[in-house]
Amino acid sequence: MGTKLSNAPVYYTVAQVQFNPVLDLDGYIPAIQSKMREAHFPDYKKEIVQRLVLPFGNAEQGQMAAPTVTPQTRYLFGDIDGRSLFLLDTNALSFQTTRYDTFKTFSGALLKSLGVLHDALRLDFVERIGLRYLNAIQPSKDGETLRDFLVPEVLGHSLRGQGQLQHSVSETCVLTASGQLVSRVLIRDDHIGLPMELGGLAPTIDPRFTQRKSLHAIVDTDASTTHREVFELAKVGARLSALHDDIDKSFHATVTDHARDSWA
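Residues numbered from 1 in each chain as written. Predicted model: local features only at pLDDT ≥ 70, side-chain atom pairs only at ≥ 80, totals over all residues. Heavy atoms only, no water.

J.: So what about the packing of aromatic side chains? Which residues, and what values?
T.: All told, the structure shown has 10 aromatic pairs when counted by the stated rule. Each ring, one from Phe41 and one from Phe86, has its centre 4.9 Å from the other, and the planes form 80 degrees; the classification is edge-to-face. Remark: Phe86 occurs in strand E4 (residues 84-89) and Phe41 occurs in the loop between helix H1 (29-38) and strand E2 (43-53); sequence separation between them is 45 residues. Each member of the pair, Phe41 as well as Phe86, carries the same accessibility label: buried. When the ring centre of Phe125 is taken as origin, the NZ or CZ atom of Arg228, which lies over that ring, is 4.1 Å away. (Phe/Tyr/Trp six-rings, centres within 6.5 Å; stacked < 30°, edge-to-face > 60°. Helix = DSSP H or I, 4+ residues; strand = E, 2+ residues; numbered from the N terminus. Buried < 20%, exposed > 50% of the residue type's maximum accessible area, 1.4 Å probe, protein only. Lys NZ or Arg CZ within 6 Å of the ring centre and 35° of its normal.)

Shown next as structure tokens:
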């Protein structure tokens, strides 16, 4: 995922940087939107979503207070063809794309936009940084199976041929020097798609991944670090690179030499 592949399996990537809350964000949006448009993200939208707030504590005579619904504003900055999108909340900036090139290009776009925010808002601290990749493993040549692409440890019982497979899931969670890494492998016989939590605002997936229904695997790798520190753009970039290195190592430990050769 660091070197550009001619037939790369990555079909969705998202990164998020959480920072100190800025409750008067609306007043800064015109200046931010102007800079985002210059950066080729002219598709601007403002949305108000309803957040469910669950009560904790303050229960009187054994009666729990009812949950409340609170409106929250978020701002979207998309590219022209709907393949890349920035999502700005009061305390976070996310960048998601279904046209991944290289990590250098992806992280460069995120850091440039984070710099736009800092110029406007003067951010104080960073709370959390996360990075997530979805890779589609789709055998396409005659005689190829998922055994040619994935190491045995993540295949489970999916290829035993007994009954009709509904799904097979393998998950590993580890702590690294950079943060927490979660690697999941989902095997299904269906069309390529996105997890439910990503489907609402995700950009359009490249048709080459979705046009056929087949037995496939999704390698879903998520790395994050949660640590409050003073905002420095260079430090955010370094943290992001370290998370990417963990994801890259995990992914290459999950796939085979045959897989790498077929994507090169």
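Okay, back to it.
J.: Could you give an account of helix H2 (residues 103-121), with specific residues and numbers?
T.: The periodicity of an α-helix, 3.6 residues per turn, causes residues three or four places apart in sequence to face the same way. A rise of 1.5 Å per residue sets the reference length of H2, with its 19 residues, at 27 Å; its end C-alpha atoms lie 26 Å apart and thus fit the reference within 8%. Those residues of H2 that fall on the buried side of the exposure criterion are Phe103, Phe106, Ser107, Leu110, Ser113, Leu114, Gly115, Val116, Leu117, His118 and Leu121. Immediately beyond the C-terminal end of H2, within one or two residues, lies Arg122, with a positive phi of roughly 55 degrees. (Expected span 1.5 Å × (residues − 1).)

J.: Describe the pairing of strand E8 (residues 180-190), and please don't skip the residues or the numbers.
T.: With eight bridges joining them, strand E7 (residues 168-175) and E8 adopt antiparallel strand pairing. Following the sheet pairing, Val169 is matched in E8 by Leu186. Connecting the antiparallel pair E7 and E8 is a turn made up of four residues, with Gly179 showing a positive phi of about 155 degrees. Of the pairings in the sheet, the one linking E8 to strand E9 (residues 214-230) comprises 11 bridges and is antiparallel in character. Bridging across to E9, Ser183 finds its partner in Thr221. (Pairing = 2+ DSSP bridges.)

J.: Run through unusual backbone geometry, naming residues and quoting values.
T.: Unusually for a residue other than glycine, His40 sits at a positive phi of about 75 degrees. Judged by relative accessible area, which is 62%, His40 ranks as exposed. Here the phi dihedral of Arg122 falls at roughly 55 degrees; this positive angle occurs in a residue that is not glycine. As for its position among the elements, Arg122 is in the loop between H2 and strand E6 (125-137).

J.: Give a description of the side chain of Arg132 that names residues and reports values.
T.: Structurally, Arg132 can be placed in strand E6. A polar contact of 3.0 Å, which involves the side chain of Arg132, links it to the side chain of Glu197. Residues within four places of Arg132 in sequence aside, it is in contact with Tyr12, Thr13, Val14, Arg184, Pro195, Glu197, Leu198, Asp220, Thr221 and Asp222. (Polar contact = N/O pair within 3.5 Å; in protein donor to acceptor, adjacent residues only side chain to side chain. Contact = heavy atoms within 4.5 Å.)

J.: Outline the environment of Arg128, listing residues and values.
T.: In this fold, Arg128 is placed in strand E6. Classification of Arg128 as partly exposed rests on a relative accessible area of 24%. A sequence separation of 101 residues divides Arg128 from Glu229, and the C-alpha atoms of the two residues are 9.3 Å apart. Those residues in contact with Arg128, other than ones at most four positions away along the chain, are Gln16, Val17, Gln18, Ser224, Thr225 and Thr226. Within polar-contact distance, the side chain of Arg128 engages the side chain of Ser224 at 3.4 Å.

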